[in-house]
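# Structure assessment
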2 protein chains.
Amino acid sequence: MIFPDRLDQSIARAGNPCVLGIDPHVALLPDEFAVAREPSAPRGERVAAITAFCAELVDLAAGRVPAVKPQSAFFELFGSDGALAWERVIARAHDAGLLVIGDVKRADIASTAAAYAQAHLGGDAHGDARIACDAITVSPFLGADALEPFLDTCRRSGGGVFVLLRTSNPGAVEIQAHGVPPLFERIAATIDALGRELLGACGLSSVGAVVGATNRKEIAGLRNLLPRTPFLMPGYGAQGASSADIAAAFLPGGRGALVNSSRGVAFAFRERSTTTHHWKDAACLALDRMIADVRAAAKAAS
Amino acid sequence: MIFPDRLDQSIARAGNPCVLGIDPHVALLPDEFAVAREPSAPRGERVAAITAFCAELVDLAAGRVPAVKPQSAFFELFGSDGALAWERVIARAHDAGLLVIGDVKRADIASTAAAYAQAHLGGDAHGDARIACDAITVSPFLGADALEPFLDTCRRSGGGVFVLLRTSNPGAVEIQAHGVPPLFERIAATIDALGRELLGACGLSSVGAVVGATNRKEIAGLRNLLPRTPFLMPGYGAQGASSADIAAAFLPGGRGALVNSSRGVAFAFRERSTTTHHWKDAACLALDRMIADVRAAAKAAS
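What this report covers is the structure whose coordinates are included nearby. (Residues numbered from 1 in each chain as written. Chains lettered and ligands numbered in written order. Predicted model: local features only at pLDDT ≥ 70, side-chain atom pairs only at ≥ 80, totals over all residues. Heavy atoms only, no water.)

## A word on the sheet that holds strand β8 (residues 257–261) of chain B
All names here are of chain B.
- Read once around its circumference, the closed barrel built from eight strands follows the order β1-β2-β3-β4-β5-β6-β7-β8, with strand pairing classed as parallel. For this sheet the average axis-to-axis angle between neighbouring strands, irrespective of direction, equals 30°.
- Of the strand pairs in this sheet, strand β1 (residues 18–22) and strand β2 (residues 67–70) are connected by four bridges, and their pairing is parallel. When the bridges of β2 are listed, Gly 21 appears paired with Lys 69. (Pairing = 2+ DSSP bridges. Helix = DSSP H or I, 4+ residues; strand = E, 2+ residues; numbered from the N terminus. Axes fitted to C-alpha atoms, helices over the stretch in contact; angles between N-to-C directions.)

## Describing the relation of the copies chain A and chain B
- Expressed as a screw transformation, the operator carrying chain A onto chain B has a rotation angle of 180° and an axial translation of 0.0 Å, and the superposed copies differ by an RMSD of 0.0 Å. The transformation relating the two chain copies, once decomposed into turn and shift, fits a two-fold axis. Across chain A, the smallest distance between a C-alpha and the rotation axis is recorded for Gly 179 of chain A, namely 2.1 Å.
- When you check the interface residues of chain A against chain B, 100% turn up at the interface there too, and the contact is symmetric in its surfaces. (Least-squares fit on C-alpha atoms with pLDDT ≥ 70 in both. Contact = heavy atoms within 4.5 Å.)

## Some words on the sheet that holds strand β3 (residues 99–106) of chain A
All names here are of chain A.
- Taken together, the eight strands give a closed barrel; going around it, the order is β1-β2-β3-β4-β5-β6-β7-β8, and neighbouring strands pair in parallel fashion. Adjacent strand axes in the sheet meet at a mean angle of 30°, parallel and antiparallel pairs treated alike.
- Pairing of strand β6 (residues 207–211) with strand β7 (residues 231–233), which is carried by two bridges, proceeds in the parallel orientation. In the sheet register, Ala 209 faces β7, and the bridge partner there is Phe 231.
- Strand contacts of helix α2 (residues 43–61): β1 (18–22) and β2 (67–70), with the helix running at about 175° to β1, the strand carrying the most contacts.

## A look at the packing of aromatic side chains
All names here are of chain A.
- A complete count under the given rule lists twelve aromatic pairs over all chains for this structure.
- With 5.4 Å between their ring centres and 70° between their planes, Phe 33 and Phe 53 make a pair best called edge-to-face. Here the residue Phe 33 occupies a position in the loop between β1 and α2, and Phe 53 occupies one in helix α2, the gap between them amounting to 20 residues.
- Taking relative accessible area as the criterion, Phe 33 reaches 5% and is therefore assigned buried.
- Geometrically, the ring pair formed by Phe 33 and Trp 279 is edge-to-face, given 5.8 Å between the ring centres and 75° between the ring planes. Note that Phe 33 is positioned in the loop between β1 and α2 and Trp 279 in helix α12 (residues 279–300), a separation of 246 residues in sequence. Residues Phe 33 and Trp 279 agree in their burial class; the two are buried.
- Across from the ring centre of Phe 231, 3.8 Å away, lies the NZ or CZ of Arg 223, which sits over that ring. (Phe/Tyr/Trp six-rings, centres within 6.5 Å; stacked < 30°, edge-to-face > 60°. Buried < 20%, exposed > 50% of the residue type's maximum accessible area, 1.4 Å probe, protein only. Lys NZ or Arg CZ within 6 Å of the ring centre and 35° of its normal.)

## Quick word on the nonpolar core
- If you look at the biggest cluster of nonpolar residues, it comprises 205 residues, and the most contacted ones within it are Val 161 and Leu 165 of chain A together with Val 161 and Leu 165 of chain B.
- The leading source of residues in this core is α12 of chain A, at ten residues.
- Filtering out sequence-adjacent residues up to four positions away, Leu 165 of chain A remains in contact with Gln 176, Phe 184, Ile 187, Ala 188, Ile 191, Ala 209, Val 210, Val 211, Leu 222 and Leu 226 of chain A together with Phe 141 of chain B. (Core = buried A, V, L, I, M, F, W, Y, C linked by side-chain atoms within 4.5 Å.)

## Thoughts on unusual backbone geometry
Residue and element names in this part refer to chain A.
- Of the consecutive residues Val 180 and Pro 181, the connecting peptide bond is found in the cis state with omega at -5°.
- Mapping Pro 181 onto the fold places it in the loop between α7 (172–176) and α8 (183–195).
- One non-glycine residue, Lys 105, lies in positive phi territory at about 45°.
- Tracing the backbone through its elements, the reader meets Lys 105 in strand β3.

## So, the interface of chain A and chain B
- Facing the 61 residues of chain A at the interface are 61 residues of chain B.
- Carbon and sulfur atoms supply 57% of the area buried between chain A and chain B, which totals about 4,800 Å² over both sides.
- Scanning the region where chain A abuts chain B turns up six salt bridges.
- Here chain A is connected to chain B by 33 residue pairs in polar contact (both at pLDDT 80 or more).
- With seven residues, the single largest contributor to the side of chain A that touches chain B is helix α5 (residues 110–122) of chain A.
- By residue class, the composition of the side of chain A that touches chain B is 28 nonpolar, 20 polar and 13 charged. (Buried area = accessible area lost by both parts, 1.4 Å probe. Salt bridge = Lys/Arg side-chain N within 4 Å of Asp/Glu carboxyl O. Polar contact = N/O pair within 3.5 Å; in protein donor to acceptor, adjacent residues only side chain to side chain. Nonpolar A, V, L, I, M, F, W, Y, C, P; charged D, E, K, R; others polar.)

## Observations concerning the environment of Gly 122 of chain B
Residue and element names in this part refer to chain B.
- With respect to the helices and strands, Gly 122 occurs in helix α5 (residues 110–122).
- In this structure the C-alpha to C-alpha distance between Gly 122 and Ala 96, which are 26 residues apart in sequence, comes to 20 Å.
- Other than its neighbours up to four places away in sequence, Gly 122 contacts Ala 117, Ala 132 and Thr 153.

Keep in mind these values describe shape, not function.
Set out below in structure tokens:
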């Protein structure tokens, strides 16, 4: 079963389209994982703490949401130990029945792009398919020919990509909306064209798009341009977007859009309004709130 | 000493601005490293062969060129074993007196971008500064605010970045030349503005640009827009560009541009015109030819 069908099924099973982002930012970790931020501690010990924290997040997500989205940067920070932790977190998520969207934002050309695709979607260089991501984020800045090797790998592996289209940060507009028509419309046309050749039985494509929930005014227009494209939407929660902002992203039946929250859940214990003290209770409460909120928005869009 | 000054000094010492790209593409490796392409071999053995091949390339580059440019994708393909090999190759290059430009093409926002910067330029999460790159390639697709965390790390670590501006592949033009004025001019203005705050004593900036040698018609215009920006130029050799194509990139004195060849050197033994048989002899000859050719172009520009 290819990625959009697995995704559609996982969303239906969970009853919501939420993604828990796994960003083990060492400065924000709960105190019980404080060794991770000790520069003087052996790298292996620091990474063991990070792995333990991520495992707790995976366990929190399991059965509640369809997918998790680990962020590569926080693992790369610890070199080969971090890479091993990345593999372990992915394997644990898969064992827990979660889809894994690797937030790697990779891009390159020709056989180098193919190597990135194989590294993160292929899995067989590792000898263990459990540590391949179900989908990854990729950048369109090098052009459609640089996306092709990723799509070739998707065809073989059944994986998916989410192409960066409109990211959630304020400065993105300078680049992504440059020109007339804005660059993002041109990229959307490429995503639509490439995606038509990788449709699942559910009618959605293996070629998705990253559309920041903070770009409220553009979301309905992008959904019009991209009727078959799964949207991955960062920016909910910590970055300020609400469920009202994302409503236009859903297809009939509340399908076709994934809403991500990373720090708003994992580090909810750092917020003043939190009435509970243990980080995991705070995260659990924040995730349950998000699920109820996003589910309502998806239903309203039906 | 910050990156542009180290670079300027290394170029002067080597007497040429050539970079040897380290792309351990398993399908192309010489037969003595064939275990690297055996899916059934243990991952550790495959990676040991890759590491040995890269070590030979580092030894070939040492004393001949100012820098090497390892390509992350081919290491990521092997997970944590690959990440360990990446660290070893970087350390070996540093021990050999070479600068290391990590071709990682990373991009993200805020503290995630900071984690990438720290991972690849900072080195201290690893407890070993030898395995930090001297500079890395980064993508501008997320906007200037997403580049800032990389520059913050450059300020602290003395490292540099090469921002993707005009890549060497045919499809890049759709995105990078979109709009009027073309997007790449807008990105060039950002690179110039950000770079002015990170100038070395040599007058060049820590903020460089990737300008494919295949974009011959645009190079002189970009050099005009970017008088203080080191150019990293892929596309020479295997991708078809010649020394005539790159001449306009050099500043007076033949300074300010680095010319990279990866496969044209490392895999020269695969070319029909090669009269020598051992891969390393073929690579050595190809590198010496490139150095003579590029040195002449840089001198002609003086």
